[in-house]
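Below are the chains, spelled out letter by letter.
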2 protein chains.
Amino acid sequence: MLTKTPCMLEFFIVLKTFLGKHLMVLMELSRIMISETSDHQIIVLKENGGERSFPIVIGLHEAWAIDRAVKEIPTPRPLTHDLLTNIIAQLSDGLEKIEISDLKNNTFYAKIVINQNGNTIEIDSRPSDAIALAMQRKAPIYVAKKILDEVCKWDHS
Amino acid sequence: MLTKTPCMLEFFIVLKTFLGKHLMVLMELSRIMISETSDHQIIVLKENGGERSFPIVIGLHEAWAIDRAVKEIPTPRPLTHDLLTNIIAQLSDGLEKIEISDLKNNTFYAKIVINQNGNTIEIDSRPSDAIALAMQRKAPIYVAKKILDEVCKWDHS
């Protein structure tokens, strides 16, 4: 039976970190398309320093939250995504990044990555909420390379 | 100059706790009135074991969140208030209570009270978000006695 020695464990951790970095692609928010007569809004993420981009369909409430964060529009009272940001700020050392990490049955899955006392905490989220938080804190947005390859495979056909 | 001895400090802490308890009234959510054709929804809070109640006008998104929490309706992916609850659960020892603590210019102000490593952390919130969290975690809802006295003063006129 193969047992992992401390040295092997360290190797696996380094390998996982290396792969994690290189299997994630830094993105930027390039467009928000809001139609108040529709339940479905569209945001477009574009590869940072690259050409590839893809849309994500989100709800109106989340689209507004992202739009307000981009335009830095103040509100008299904290709205729900402001509250999310304030709670993270008060309970942790801050939002490190967000990752869109999976795509199953046409649904994107995201993670909010938070630092707390030297630990990294990952919390499952919809991409829309995660992107609203990232835009508020100017935190980086990553997308798994496998997803970008998948959703952009017809771009040049 | 008056200096506070450890004994006096202890007295002030006990006094503050006593006053805090007696100046806050435990409430329960008694009604949610949702009209999808209106931007303004109404929830009604009622004094626990008492007769007094008062309405709060909230947004549609928050009314849905409260309604889902009350009816324990599951969703395939975490919605924004589920994410709020999950973040509080992951980063702290949990939501202790929520308080509607102030009323200025016809706007209610609330606080989310969270325990973390033996500390109590209070975070400013709109009542709607705070009540959605309280309903999800079955946490108590308090209203400052001065507010209840103010908003219910015409009840028996």
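Nothing here was measured: the structure is a model prediction, and the numbers come from that model.

Chemist: How should the interface of chain B and chain A be read in this particular structure?
Modeler: Contacts between chain B and chain A engage 20 residues on the former and 20 residues on the latter. Taken together, the elements giving at least two residues each to the side of chain B that touches chain A come down to helix 3 (80–91), strand 5 (107–116) and strand 6 (119–125) of chain B. The biggest single contributor to the side of chain B that touches chain A is helix 3 of chain B, with eight residues. Looking at the side of chain B that touches chain A residue by residue, the class counts come to nine nonpolar, seven polar and four charged.

Chemist: I'm lost on the sheet that holds strand 2 (residues 41–47) of chain A in this one. Help?
Modeler: Note: strands within a sheet are paired through backbone hydrogen bonds, in either parallel or antiparallel orientation. Residue and element names in this part refer to chain A. The seven strands lie next to each other as 3-2-1-7-4-5-6, forming an open sheet whose pairing is mixed. Bordering the open sheet on either side are strand 3 (53–58) and strand 6 (119–125), each of which pairs with just one other strand. Each neighbouring strand pair of the sheet contributes to a mean axis angle of 35 degrees, computed without reference to strand direction. Pairing between strand 2 and strand 3: six bridges, direction antiparallel.

Chemist: In this structure, what is going on with unusual backbone geometry? I would like to understand it.
Modeler: Leaving glycine aside, a negative phi is the common case for residues, and trans is the common case for peptide bonds. The backbone of N117(A) sits at a positive phi, close to 50 degrees, despite the residue not being glycine. For N117(A), the location among the structural elements is in the loop between strand 5 (107–116) and strand 6.

Chemist: Sorry, what's going on with the relation of the copies chain B and chain A here?
Modeler: Relating one copy of the chain to the other requires a rotation about an axis plus a shift along that axis. With an RMSD of 0.4 Å, chain B superimposes on chain A once it is rotated by 179 degrees and translated 0.1 Å along the axis. Viewed as a symmetry operation, the transformation between the two copies matches a two-fold axis. Interface overlap between copies is the fraction of interface residues in one copy that are interface residues in the other; for chain B against chain A it reaches 100%, indicating a shared surface.

Chemist: Can you walk me through the sheet that holds strand 1 (residues 24–33) of chain B in this structure?
Modeler: Residue and element names in this part refer to chain B. Here we have seven strands laid out as an open sheet, ordered 3-2-1-7-4-5-6, and mixed in their pairing. The open sheet terminates on both sides in strands that have one partner only, identified here as strand 3 (53–58) and strand 6. Neighbouring strand axes in the sheet, compared pairwise and without regard to direction, differ in orientation by 35 degrees on average. Strand contacts of helix 2 (residues 60–71): strand 1, strand 2 (41–47) and strand 3, with the helix running at about 100 degrees to strand 1, the strand carrying the most contacts.

Chemist: Would you explain the pairing of strand 6 of chain A in this entry?
Modeler: Remember that side chains alternate between the two faces of the sheet whenever the strand is regular. Residues and elements named next belong to chain A. Bridge count for strand 5 against strand 6 is seven bridges, and the pairing is antiparallel. Residue pairing in the sheet places V113 in a bridge with E122 of strand 6. Taking the residues between adjacent antiparallel strands as the criterion, strand 5 and strand 6 are bridged by two residues, where N117 takes a positive phi near 50 degrees.

Chemist: Would you mind showing me how to read the packing of helix 2 (residues 60–71) of chain A against helix 4 (residues 127–137) of chain A here?
Modeler: A packed helix pair is summarised by two numbers, namely the angle formed by the two axes and the spacing between the axes. Residues and elements named next belong to chain A. Helix 4 packs onto helix 2 with a crossing angle of 15 degrees between their chain directions and a minimal axis gap of 8 Å. Viewed along their axes, helix 2 and helix 4 adopt a mutual orientation that is roughly parallel. The handedness of the crossing between helix 2 and helix 4 comes out as left-handed. Together, E62, A65, I66, A69 and V70 of helix 2 and S128, D129, I131, A132, M135 and Q136 of helix 4 make up the contact between the two elements. In the contact of helix 2 with helix 4, the residues fall into seven nonpolar, two polar and two charged.

Chemist: Explain the environment of V57(A) here, please?
Modeler: Residues and elements named next belong to chain A. As for its position among the elements, V57 is in strand 3. Its 16 C-beta neighbours within 10 Å are what place V57 among the partly exposed residues. For the pair V57 and Q41, spaced 16 residues apart in sequence, the C-alpha to C-alpha distance is 5.6 Å. With residues up to four places along the chain from it excluded, the contact list for V57 reads H40 and I42.

Chemist: Please clarify how the nonpolar core should be interpreted in this entry.
Modeler: Generally speaking, nonpolar side chains in soluble globular proteins are found buried as a group. With 68 residues, the main nonpolar core has I131(A) and I131(B) as its most contacted residues. Beyond its immediate chain neighbours, meaning those up to four positions away, I131(A) contacts L29(A), I43(A), I66(A), I98(A) and I141(A).

Chemist: Please clarify how the environment of L133(A) should be interpreted in this entry.
Modeler: Residues and elements named next belong to chain A. Its place among the elements puts L133 in helix 4. Taking the number of C-beta atoms within 10 Å as the measure of exposure, L133 has 25 and is therefore buried. The spacing of L133 and E99 is 34 residues in sequence and 12 Å in space, taken between C-alpha atoms.

Chemist: It is not clear to me how the pairing of strand 2 of chain A should be interpreted in this structure. Could you clarify?
Modeler: Residues and elements named next belong to chain A. Looking at chain direction, strand 1 (residues 24–33) and strand 2 are connected through six bridges and run antiparallel. Residue R31 lies in a different strand from strand 2, and its bridge partner there is V44. Following strand 2, the chain reverses through five residues before pairing antiparallel with strand 3; G49 in that reversal takes a positive phi of roughly 75 degrees.

Chemist: Which parts of the structure should I look at to understand helix 3 (residues 80–91) of chain A?
Modeler: In an α-helix, one full turn covers 3.6 residues, which means residues spaced three or four apart are oriented alike. Between its terminal C-alpha atoms helix 3 of chain A stretches 16 Å, which fits the 16 Å expected from twelve residues at 1.5 Å a residue. Every buried residue belonging to helix 3 of chain A is among T80(A), H81(A), D82(A), L83(A), L84(A), I87(A) and I88(A), and all of these are buried.

Chemist: Looking at this model, I keep getting lost on the confidence of the model for chain A. Mind explaining?
Modeler: Should pLDDT be low for a region, the predicted coordinates there are not to be read in detail. Per-chain confidence: chain A averages 91 in pLDDT, with 91% of residues scoring 70 or above. Interface confidence for the predicted complex, given as ipTM, is 0.86, next to a pTM of 0.85.

Chemist: Is there a simple way to think about helix 4 of chain A in this case?
Modeler: Residues and elements named next belong to chain A. With ten of its eleven residues buried, helix 4 lies for the most part within the structure. Taken together, the buried positions of helix 4 are occupied by P127, S128, D129, A130, I131, A132, L133, A134, M135 and Q136. Two residues or fewer past helix 4, K138 is found with a positive phi of approximately 50 degrees.

Scoring rules and cut-offs
All residue numbers here refer to positions counted from 1 along the written sequence of the relevant chain. For this description, chains carry letters from A and ligands carry numbers from 1, given in the order in which they are written. The model is predicted, so local features are restricted to residues of pLDDT at least 70 and side-chain atom pairs to those at 80 or more, both for listing and for counting; the totals for chains, interfaces and linings are taken over all residues. Throughout, a pair of residues is in contact if the C-beta atoms placed from their backbones lie within 7 Å. A run of H or I in DSSP counts as a helix once it spans at least four residues, and a run of E counts as a strand once it spans at least two, with each numbered from the N terminus. Residue classes follow a fixed rule: Ala, Val, Leu, Ile, Met, Phe, Trp, Tyr, Cys and Pro count as nonpolar, while Asp, Glu, Lys and Arg count as charged, and any other residue, Gly among them, counts as polar. What makes two strands pair is DSSP finding at least two bridges between them. Every axis in this analysis is a line fitted to C-alpha atoms, fitted for helices over the stretch in contact. Angles between the N-to-C directions lie between 0 and 180 degrees. The fit set for superposing copies consists of C-alpha atoms from residues with pLDDT of at least 70 in both; the fit itself is least squares. Any angle that is under 35 degrees is reported as roughly parallel, and any over 145 degrees as roughly antiparallel; angles of 65 to 115 degrees are reported as roughly perpendicular and all others as oblique. Each crossing gets its handedness from the near helix: less than a right angle anticlockwise from the far helix is left-handed, clockwise is right-handed. Three exposure classes are used. Buried residues have 20 or more other C-beta atoms within 10 Å of their own C-beta, exposed residues have 12 or fewer, and partly exposed residues fall in between, all C-beta atoms being placed from the backbone. The nonpolar core is taken to be a set of buried Ala, Val, Leu, Ile, Met, Phe, Trp, Tyr and Cys residues joined by way of C-beta atoms within 7 Å. Here the expected length of a helix is defined as 1.5 Å per residue gap, with one fewer gap than residues. Values of pLDDT, which run from 0 to 100, indicate the predictor's confidence residue by residue.

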